[in-house]
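Spelled out from the first residue to the last, the chains are:
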Amino acid sequence: MSVGEGCERKALRGCEDLLALFEFAYAECSFRELYCRQALADEALRFPDRSGFRLNGVYNVACDTEGQSIQADFFFRHSPGQKLER
């Protein structure tokens, strides 16, 4: 699923009941606010945990000119102990 900037939180909450059907999730998250009321990485990292997902990898880290991380792609996998409902 691809959603527009600023809609990520609403999209995840809207499909929360369906997340158990997925084995993987991949999300681009920002470490600092790039637009108004944006969900930041720390919030995005808590959401999958409540849905039975665990962080499995971090990719494509973008940094500013001072070397500070701005955003990255996060790969989540459904926890082995959580039964996937299909």
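How each quantity is defined
Residues numbered from 1 in each chain as written. Predicted model: local features only at pLDDT ≥ 70, side-chain atom pairs only at ≥ 80, totals over all residues. Heavy atoms only, no water. pLDDT = per-residue confidence, 0-100. Helix = DSSP H or I, 4+ residues; strand = E, 2+ residues; numbered from the N terminus. Pairing = 2+ DSSP bridges. Axes fitted to C-alpha atoms, helices over the stretch in contact; angles between N-to-C directions. Core = buried A, V, L, I, M, F, W, Y, C linked by side-chain atoms within 4.5 Å. Buried < 20%, exposed > 50% of the residue type's maximum accessible area, 1.4 Å probe, protein only.

Per-residue confidence for the protein gives a mean pLDDT of 79; residues scoring 70 or more make up 78%. Across the protein, element-level confidence peaks in strand β2 (residues 53-63) with a mean pLDDT of 93 and bottoms out in helix α1 (residues 8-14) with 71.

All right, on to the sheet that holds β2 then. Spatially, β1-β3-β2 is the arrangement adopted by the three strands of the open sheet, whose pairing is antiparallel. Two strands bound the open sheet, and with one partner strand each, they are β1 (24-30) and β2. Across the sheet, the mean angle separating the axes of adjacent strands is 20 degrees when strand polarity is ignored. In the sheet, β2 pairs with strand β3 (residues 69-78) via eight bridges, with the strands oriented antiparallel. Residue pairing across strands places Tyr59 opposite Asp73, the latter belonging to β3.

Looking now at the nonpolar core. Formed by Cys15, Leu19, Cys29, Ala41, Ala44, Phe53, Ala72, Phe74 and Phe76, the largest nonpolar core amounts to nine residues. Where this core is concerned, the elements lending two or more residues are α2 (41-50) and β3. Looking at this core, the element that brings in the most residues is β3, giving three residues.

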